Amino acid sequence: MEYSHDVEPRLILADYLRDVIRLTGTHIGCDTSSCGACTILLNGKATKSCTLFAVQADGSQITTIEGMMKNGELHPLQEAFNECHGLQCGFCTPGMIMTADDFLRTNPDPTAEEIRAALEGNYCRCTGYHNIVKSIQHAAKRMKKEVVV
């Protein structure tokens, strides 16, 4: 879907996504780019949307957590977070999933240590990350199976 709006040059991309086009899955947790709750895919790369002005994304392809579902089916990462209890309150989950999606495209068979390193810019205040790591490993295995024909 394509969106076009006249916006103030100082409008932060996260605020544009949430307040203008009402994609509220992108969360704002810190306003300092520390927590990763606002992570989206910008031209396929995990990007903290609180670090950009909306006008800087003009002409870019943006994927938010709402865009991960295809044809009514959850993305394998979304399924894995559900099945492996990778979320508690759910506030950090969209950012974790977006970061993991980008990471798994470059490392489809990661170790737990590699996953933890990839998530260093994403905070979860509820868990010890164990089930988040387990969820990403589970999704990686599922995604590899989907590719093998």
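Look above for the structure.
What this report covers is the structure whose coordinates are included nearby.

For the protein, the count of helices and strands is 5 helices and 3 strands. For the protein, the sequential pattern of α-helices and β-strands runs α-β-β-β-α-α-α-α. Taken over C-alpha atoms, the radius of gyration comes to 15 Å for the protein, in line with the 15 Å a tight globule of 149 residues would show. Referenced to the eigenvectors of the C-alpha coordinate spread, the extents of the protein come out at roughly 45 × 35 × 25 Å. Here the protein holds 149 residues, and the buried ones make up 42% of them. Sequence-distant contacts, at least 24 apart, represent 59% of the contacts inside the protein between residues at least 6 apart. Accessible surface for the protein amounts to roughly 8500 Å². Of this, 50% is attributable to carbon and sulfur atoms. Of note, the protein has its 14 positive side-chain charges centred 6 Å away from the centre of its 18 negative side-chain charges.

On to helix α3 (residues 93-106), then. End to end, α3 covers 20 Å across 14 residues, agreeing with the expected 20 Å (1.5 Å per residue, within 8%). Along α3, 12 of the 14 residues are buried, which leaves the element largely enclosed by surrounding structure. Residues Thr93, Pro94, Gly95, Met96, Ile97, Met98, Thr99, Ala100, Asp101, Asp102, Phe103 and Leu104 constitute the buried set of α3.

Attention now moves to the pattern of salt bridges. Evaluated as defined, the whole model comprises 5 salt bridges. Put simply, Arg142 and Glu83 hold a salt bridge, and the shortest N to O gap is 2.9 Å. Of this pair, Arg142 sits in helix α5 (residues 130-147) while Glu83 sits in helix α2 (residues 76-83), and the two are 59 residues apart along the sequence. The class for Glu83 is partly exposed, based on a relative accessible area of 41%.

A word on the sheet that holds strand β2 (residues 45-48). Pairing is antiparallel across the open sheet formed by 3 strands, whose spatial order is β2-β1-β3. Whereas interior strands pair on both sides, the edge strands pair on one side only; in this sheet they are β2 and β3 (62-63). Of the pairings in the sheet, the one linking strand β1 (residues 39-42) to β2 comprises 4 bridges and is antiparallel in character. Paired with Ile40 across the bridge in β2 is Thr47. Lying on the sheet, α3 is in contact with β1, β2 and β3; it crosses β1 at an angle near 40°.

Below, the discussion takes up the nonpolar core. Proteins that are soluble and globular tend to have nonpolar side chains buried together. If you look at the biggest cluster of nonpolar residues, it comprises 22 residues, and the most contacted ones within it are Leu77, Phe81, Met96, Leu104, Ile132 and Ile136. Secondary structure elements with two or more residues in this core: α2, α3 and α5. When neighbours within four sequence positions are excluded, Met96 is seen to be in contact with Phe81, Leu119, Asn122, Tyr123, Cys124, Tyr129 and Ile132. Leu13, Tyr16, Leu17 and Ile21 belong to the second largest nonpolar core, which has 10 residues in total.

Turning our attention to the side chain of Thr47. Mapping Thr47 onto the fold places it in strand β2. Non-local contacts of Thr47, meaning those with residues more than four positions away in its chain, are made with Cys38, Thr39, Ile40, Leu42 and Leu52.

Those residues of helix α1 (residues 13-20) that sit buried are Leu13, Ala14, Tyr16 and Leu17. For α1, the buried positions fall inside an angular range of 165° around the axis, keeping them on one side. Looking at the packing, one finds that the buried side of α1 touches β1 and β3. Once α1 finishes, Arg22 follows within two positions and takes phi at roughly 60°, a positive value.

Rules behind the numbers
- Residues numbered from 1 in each chain as written.
- Predicted model: local features only at pLDDT ≥ 70, side-chain atom pairs only at ≥ 80, totals over all residues.
- Heavy atoms only, no water.
- Helix = DSSP H or I, 4+ residues; strand = E, 2+ residues; numbered from the N terminus.
- Rg over C-alpha atoms; globule rule 2.2 N^0.38 Å.
- Buried < 20%, exposed > 50% of the residue type's maximum accessible area, 1.4 Å probe, protein only.
- Contact = heavy atoms within 4.5 Å.
- Areas by Shrake-Rupley, 256 points an atom, 1.4 Å probe, with all protein chains shown as cover.
- Lys, Arg positive; Asp, Glu negative; His and termini not counted.
- Charge placed at Lys NZ, Arg CZ, Asp CG, Glu CD.
- Expected span 1.5 Å × (residues − 1).
- Salt bridge = Lys/Arg side-chain N within 4 Å of Asp/Glu carboxyl O.
- Pairing = 2+ DSSP bridges.
- Axes fitted to C-alpha atoms, helices over the stretch in contact; angles between N-to-C directions.
- Core = buried A, V, L, I, M, F, W, Y, C linked by side-chain atoms within 4.5 Å.
- Arc of directions from axis to C-beta.

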